[in-house]
Amino acid sequence: GQQLNQSPQSMFIQEGEDVSMNCTSSSIFNTWLWYKQDPGEGPVLLIALYKAGELTSNGRLTAQFGITRKDSFLNISASIPSDVGIYFCAGLPYSGGGADGLTFGKGTHLIIQP
Amino acid sequence: DAGVIQSPRHEVTEMGQEVTLRCKPISGHNSLFWYRQTMMRGLELLIYFNNNVPIDDSGMPEDRFSAKMPNASFSTLKIQPSEPRDSAVYFCASSVHRGQDEKLFFGSGTQLSVL
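Residues numbered from 1 in each chain as written. Chains lettered and ligands numbered in written order. Predicted model: local features only at pLDDT ≥ 70, side-chain atom pairs only at ≥ 80, totals over all residues. Heavy atoms only, no water.

## Observations regarding the pairing of strand β6 (residues 55-58) of chain A
In summary, the side chains of a regular strand alternate between the two faces of the sheet. All names here are of chain A. Pairing geometry for β6 and strand β7 (residues 61-65), over four bridges, is antiparallel. Across the sheet, L55 pairs through a bridge with Q64, a residue of β7. Here β6 folds back onto β7, and the loop between the two strands holds two residues, one of which, G59, carries a positive phi near 65°. (Pairing = 2+ DSSP bridges. Helix = DSSP H or I, 4+ residues; strand = E, 2+ residues; numbered from the N terminus.)

Right, dumping it as structure tokens:
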């Protein structure tokens, strides 16, 4: 089946730093989603991307749909303590479909040191 | 909106015991999914339902696992008998409608520990 390689696996940063993470695949995806999981909770959708090259922001978060359709990137600017958690990418090989086709990356653990 | 509601939040049981996890999806959502999360394997889709009908259970690891959705507002995931390797966080998620929207809404999960 399709696999998503998410990197880095974990990040230790200082509060106020910018964060970058990415997700790559050997096959094409037509929809990319980014989720965040707070400790002890379920993942929550942050950003959805539907077009190659698309750049979408949600507050301090910015995500991009790679032009090759095989990758996606998530950036967090000026990190704050509540950004701590696990960030997951997820991809769909088609557009306008159901969530049953989603493939999830293994997540990037973000840890912020005071 | 109350979101996806799962119970219990935590379950500790002994090997061989039956475990039942419960889920109430978001009202109006027609698709329901059960996922398992472990450090080694990440999020794994176990089974999903559309309009209360199981569509794909290929992710269910063994016959010890079974899932039901008797109506649009309730689903269960049962493990009988449970084994230590079943220890994981189990998530239920729902979405609006298969074929229309890919956005998943997750519950808070059930942390299962099998001793």
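## Observations concerning the interface of chain A and chain B
Opposite the 21 residues of chain A that make contact, chain B presents 21 residues. In total, about 1700 Å² of surface goes out of reach between chain A and chain B, with carbon and sulfur atoms giving 56% of it. Among the residues chain A hides against chain B, the three largest losses belong to A99(A), D100(A) and F104(A). Together they make up 29% of the total. On the surface where chain A and chain B come into contact, there are zero salt bridges. Counting every contact that joins chain A to chain B gives six residue pairs in polar contact (both at pLDDT 80 or more). Looking at which element gives the most residues to the side of chain A that touches chain B, the answer is strand β4 (residues 31-37) of chain A, with four residues. For the side of chain A that touches chain B, the class distribution of residues is 11 nonpolar, seven polar and three charged. (Contact = heavy atoms within 4.5 Å. Buried area = accessible area lost by both parts, 1.4 Å probe. Salt bridge = Lys/Arg side-chain N within 4 Å of Asp/Glu carboxyl O. Polar contact = N/O pair within 3.5 Å; in protein donor to acceptor, adjacent residues only side chain to side chain. Nonpolar A, V, L, I, M, F, W, Y, C, P; charged D, E, K, R; others polar.)

## Focus: the packing of aromatic side chains
All chains considered together, the criterion is met by 10 aromatic pairs over all chains. Seen in terms of ring centroids, W32(A) and F65(A) are 6.5 Å apart; in terms of plane orientation they differ by 85°. Their pairing is edge-to-face. Remark: F65(A) occurs in strand β7 and W32(A) occurs in strand β4; sequence separation between them is 33 residues. We classify F65(A) as buried; its relative accessible area is 1%. Here the aromatic residues Y35(A), F104(A), F33(B), Y35(B), Y48(B), F91(B) and F106(B) are joined through ring pairs into a cluster of three or more. (Phe/Tyr/Trp six-rings, centres within 6.5 Å; stacked < 30°, edge-to-face > 60°. Buried < 20%, exposed > 50% of the residue type's maximum accessible area, 1.4 Å probe, protein only.)

## Structural notes on the environment of L4(A)
All names here are of chain A. Along the chain, L4 falls in strand β1 (residues 4-7). Given the relative accessible area of 7%, L4 is considered buried. Distance from L4 to I112, taken between C-alpha atoms, is 25 Å for residues 108 residues apart in sequence. Those residues in contact with L4 that lie beyond four places of it in its chain are C23, T24, S25, F29, W32, C89, A90, G91, T103, F104 and G105.

## Looking at the sheet that holds strand β7 (residues 65-71) of chain B
Residue and element names in this part refer to chain B. The strand order across the open sheet built from four strands is β1-β3-β8-β7, with neighbouring strands paired in antiparallel fashion. Each edge of the open sheet carries a strand with a single partner, namely β1 (5-7) and β7. Neighbour to neighbour, the strand axes of the sheet diverge by 15° on average, direction disregarded. Where β1 and strand β3 (residues 19-24) come together, three bridges link them in antiparallel fashion. By the bridge assignment for β3, I5 is matched with K24. (Axes fitted to C-alpha atoms, helices over the stretch in contact; angles between N-to-C directions.)

## Examining the sheet that holds β6(A)
Residues and elements named next belong to chain A. In space, the five strands of this open sheet follow the order β1-β3-β8-β7-β6, with antiparallel pairing throughout. Either end of the sheet is taken by a strand with one partner, and the two such strands are β1 and β6. The mean angle between the axes of side-by-side strands here comes to 15°, regardless of whether they run parallel or antiparallel. With four bridges joining them, β1 and strand β3 (residues 19-25) adopt antiparallel strand pairing. Its bridge partner being in β3, S7 is matched across the sheet by N22.

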